[in-house]
2 protein chains.
Amino acid sequence: MTYLRHLEACNRFDPQRFLPLLLAGRRVGFVRRDNARALDAFPRIFRIASDGIALAENIVGSDAVTAALGEATDGLIAAGSFDKRRGELFAVTDGWGGPLLFELDRGAVPFFGTRAYGVHLNGWRPGADGPALWIGKRAMDKKIAPGELDNLVAGGMGSGYGAWDTLLKEAAEEAGMPEALTVQAHAVGAIRYRMELPDGLRDDALFLYDIRMPVDFTPRNTDGEMEDFRLLSAQECLRRVRETSDFKFNVNLVLIDFGLRHGLIRPEDQDYLTLVEGLRGSLIRGGR
Amino acid sequence: MTYLRHLEACNRFDPQRFLPLLLAGRRVGFVRRDNARALDAFPRIFRIASDGIALAENIVGSDAVTAALGEATDGLIAAGSFDKRRGELFAVTDGWGGPLLFELDRGAVPFFGTRAYGVHLNGWRPGADGPALWIGKRAMDKKIAPGELDNLVAGGMGSGYGAWDTLLKEAAEEAGMPEALTVQAHAVGAIRYRMELPDGLRDDALFLYDIRMPVDFTPRNTDGEMEDFRLLSAQECLRRVRETSDFKFNVNLVLIDFGLRHGLIRPEDQDYLTLVEGLRGSLIRGGR
């Protein structure tokens, strides 16, 4: 069993099965061809061609695009194309840090295959055989990956929140961390992946943070998303990454990145460069 | 001034100006078109076509390829195509960790544009405003980047040496570090870039290491390659990366990577994802 299988799983995406979603000629998402048929119901919003789906030319400006896609979202839910609104808007921007193109309910993001951003926090402290990580167990009633293992803190970035704001907010909700503690975290990089899901596509950029946790703090979930937390040595986490499917799909990537940065995965591994590059998008198909 | 200009400089490469060097149909290097004319002098070794330069089919096996390219190396030096042998063989392999394809004198590597591997070591210790880095000043008689600033330790990987062997050897030669100290270093990742040089091409993968240096050790060069070492805060190093050309071209990339991993460059920088991805090959042209 290898680390690489997780990178391959998180980059399973065949561009041929999708149509690009175009806004003023710029690709902003990917809609699976079988899903695209449902967009025929909105002829005033979408222009569907064999090589892409364009927003109608008369829908101009982020407010108008947001409104049109919101109308489509409600119609698609009514038609059963996907489940429901999540009640949280994600920002679709022209690249990271670029201007806002439109906002989209989080529940509609996989259907339209727009880029989403999130944060993951590795909480570690020194242990007998190197760093030990605080690992959460996801609640059994989570829609995605119920009961699977997760980082100390992880969350999607809602519109209007930056990476740091999201980290502070999620650390409080998911792990009961006071802000005075969370601010000791520091940014350590980012990972990218693009994968097909049953309901569409996940095209993610995750900003990663490390925090050295004090020995007298035990994380405690406050929003019902985690069942519990346990300390596991990073070596044991990486063994489970290699040998099991205990961790949520993308958490494997975060742990591989942790192993690469902390010298637990080394250049002597012949997949080393493929892992280093693959975590930053080299396995992504269909263009950046 | 931005960090990004250094990534752009280290990935300045126009595949149209080069011909792929092919071994049994596999690209193993890039020869600049103006340089390629000199290979006409070796018709038994090279088959030169408009779309690539192939090794003759009857040259089979790594020993035979090494001998043929060694013969060409001597002829090219005699013809003035490049300067001289460096007396150090680099291994050209089928990908990192893959089987040896052939060995090539280091002096001939830019001409043939084969992939080369190296190691760089960030030596840091806690300072008043975050980590401080030991920075070397390259000797004035170095052919490449004389007098420019460098990492504590850096070196190319000779054939037969692994990344870790190279680190131990170079740390002793360049910084006078005893092995008992160097083994405290740990791998932290790798960077990639491909850039045209006056004498051909540099297609590098650098394995990076961090070491927390004890306060009672001062590096001391033993091989004449460094003039001196000084401690500079990482913040000051990054300011110079942004605003000056004080550092050797590829050392800027190593320092940007250090800044990304240590939270000194943060997601709030709008180039953040471009930097993270660009350090791992997203800006490389001409295929991986």
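What counts and how
- Residues numbered from 1 in each chain as written.
- Chains lettered and ligands numbered in written order.
- Predicted model: local features only at pLDDT ≥ 70, side-chain atom pairs only at ≥ 80, totals over all residues.
- Heavy atoms only, no water.
- Least-squares fit on C-alpha atoms with pLDDT ≥ 70 in both.
- Contact = heavy atoms within 4.5 Å.
- Helix = DSSP H or I, 4+ residues; strand = E, 2+ residues; numbered from the N terminus.
- Expected span 1.5 Å × (residues − 1).
- Buried < 20%, exposed > 50% of the residue type's maximum accessible area, 1.4 Å probe, protein only.
- Axes fitted to C-alpha atoms, helices over the stretch in contact; angles between N-to-C directions.
- Parallel < 35°, antiparallel > 145°, perpendicular 65-115°, else oblique.
- Left-handed = near helix turned anticlockwise from the far one by under 90°.
- Salt bridge = Lys/Arg side-chain N within 4 Å of Asp/Glu carboxyl O.
- Phe/Tyr/Trp six-rings, centres within 6.5 Å; stacked < 30°, edge-to-face > 60°.
- Lys NZ or Arg CZ within 6 Å of the ring centre and 35° of its normal.
- pLDDT = per-residue confidence, 0-100.
- Buried area = accessible area lost by both parts, 1.4 Å probe.
- Polar contact = N/O pair within 3.5 Å; in protein donor to acceptor, adjacent residues only side chain to side chain.
- Nonpolar A, V, L, I, M, F, W, Y, C, P; charged D, E, K, R; others polar.

1. Concerning the relation of the copies chain B and chain A
Part 1 of the reasoning: Overlaying chain B on chain A yields an RMSD of 0.0 Å, the required transformation being a rotation through 180° with an accompanying axial translation of 0.0 Å. Those values place the two copies in the arrangement expected of a two-fold rotation axis.
Part 2 of the reasoning: Interface residue correspondence from chain B to chain A reaches 100%, placing this contact among same-surface, isologous pairings.

2. As for helix 3 (residues 62-78) of chain A
Residue and element names in this part refer to chain A.
Part 1 of the reasoning: Under the 1.5 Å per step criterion, the end-to-end length of helix 3 is 24 Å for 17 residues, consistent within 8% with the ideal 24 Å.
Part 2 of the reasoning: Among all positions in helix 3, only V65, T66, A68, L69, G70, A72, T73 and L76 are buried.
Part 3 of the reasoning: Among the structural elements, strand 1 (18-23), strand 3 (46-49), strand 4 (52-55), strand 6 (100-105) and helix 4 (109-112) are those in contact with the buried residues of helix 3.
Part 4 of the reasoning: Downstream of helix 3 by one or two residues, G80 has phi in the positive range, about 85°.

3. Here's the deal with the side chain of A:N35
Residue and element names in this part refer to chain A.
Part 1 of the reasoning: The topology assignment puts N35 in helix 2 (residues 33-36).
Part 2 of the reasoning: N35 gets classed as buried once you look at its relative accessible area, which sits at 14%.
Part 3 of the reasoning: Those residues in contact with N35 that sit more than four places away from it in its chain are F111, D199 and G200.

4. Looking at the packing of helix 7 (residues 234-243) of chain A against helix 8 (residues 249-261) of chain A
Residue and element names in this part refer to chain A.
Part 1 of the reasoning: One way to put it is that helix 7 packs onto helix 8 with a least axis distance of 10 Å and a crossing angle of 130°. Here helix 7 is positioned oblique relative to helix 8, judged by the angle of their axes. Considering the relative orientation of helix 7 and helix 8, their crossing is left-handed. Contact residues: A234, C237, L238 and V241 in helix 7; N252, L255, I256, F258 and G259 in helix 8.

5. Quick notes on the pattern of salt bridges
Part 1 of the reasoning: Counted by the stated rule, this structure contains 52 salt bridges over all chains.
Part 2 of the reasoning: A:R240 is paired through a salt bridge with A:E236; the nearest N and O atoms lie 3.0 Å apart. Of the two residues, A:R240 and A:E236 both sit in helix 7, four residues apart, roughly one turn of that helix.
Part 3 of the reasoning: Judged by relative accessible area, which is 22%, A:E236 ranks as partly exposed.
Part 4 of the reasoning: The salt bridge partner of B:E225 is B:K142, with a shortest N-O separation of 2.9 Å. Taken together, the residues B:E225 in the loop between strand 12 (200-212) and strand 13 (226-233) and B:K142 in the loop between strand 8 (130-138) and strand 9 (149-150) connect sequence positions 83 residues apart.
Part 5 of the reasoning: Residue B:E225 is classed as partly exposed on the basis of its relative accessible area of 27%.

6. What to know about the packing of aromatic side chains
Part 1 of the reasoning: Following the criterion strictly, the structure yields 26 aromatic pairs over all chains and no others.
Part 2 of the reasoning: Ring plane angle 25° and centroid distance 6.1 Å describe the contact between A:F46 and A:F112, whose orientation is recorded as stacked. Highlighted residues: A:F46 in strand 3 and A:F112 in helix 4, separated in sequence by 66 residues. Exposure class is identical for A:F46 and A:F112. Each is buried.
Part 3 of the reasoning: Judged by centre distance (5.1 Å) and plane angle (75°), the rings of B:F111 and B:F112 are edge-to-face. This pair shows no difference in class: B:F111 is buried, exactly as B:F112 is.
Part 4 of the reasoning: Clustering of aromatic rings is evident, with ring pairs tying together A:F42, A:F46, A:F82, A:F111 and A:F112.
Part 5 of the reasoning: A cation sits over an aromatic face here: B:K169 above B:Y161, 5.3 Å from the ring centre.

7. Looking at the confidence of the model for chain A
Part 1 of the reasoning: On average, residues of chain A score 97 in pLDDT, and 100% of them reach the 70 mark or higher.
Part 2 of the reasoning: As a predicted assembly, this complex carries a pTM of 0.97 together with an ipTM value of 0.97.

8. Brief notes about the interface of chain B and chain A
Part 1 of the reasoning: Chain B puts 32 residues into the contact, and the matching count from chain A is 32 residues.
Part 2 of the reasoning: Buried surface at the junction of chain B and chain A, both sides included, amounts to about 2,400 Å², of which 60% is carbon and sulfur.
Part 3 of the reasoning: Counting the surface chain B buries against chain A, the share from its top three residues, B:W96, B:P267 and B:L273, is 23%.
Part 4 of the reasoning: Inspection of the region where chain B meets chain A yields two salt bridges.
Part 5 of the reasoning: With a closest N to O distance of 2.9 Å, A:R192 and B:E277 form a salt bridge.
Part 6 of the reasoning: Taken together, chain B and chain A are joined by 10 residue pairs in polar contact (both at pLDDT 80 or more).
Part 7 of the reasoning: Elements supplying a minimum of two residues to the side of chain B that touches chain A: strand 7 (115-127), helix 5 (163-175), strand 11 (186-197), strand 12, helix 8 (249-261) and helix 9 (272-278) of chain B.
Part 8 of the reasoning: The greatest single-element share of the side of chain B that touches chain A, amounting to six residues, is contributed by strand 11 of chain B.
Part 9 of the reasoning: Tallied by class, residues from the side of chain B that touches chain A come to 16 nonpolar, seven polar and nine charged.

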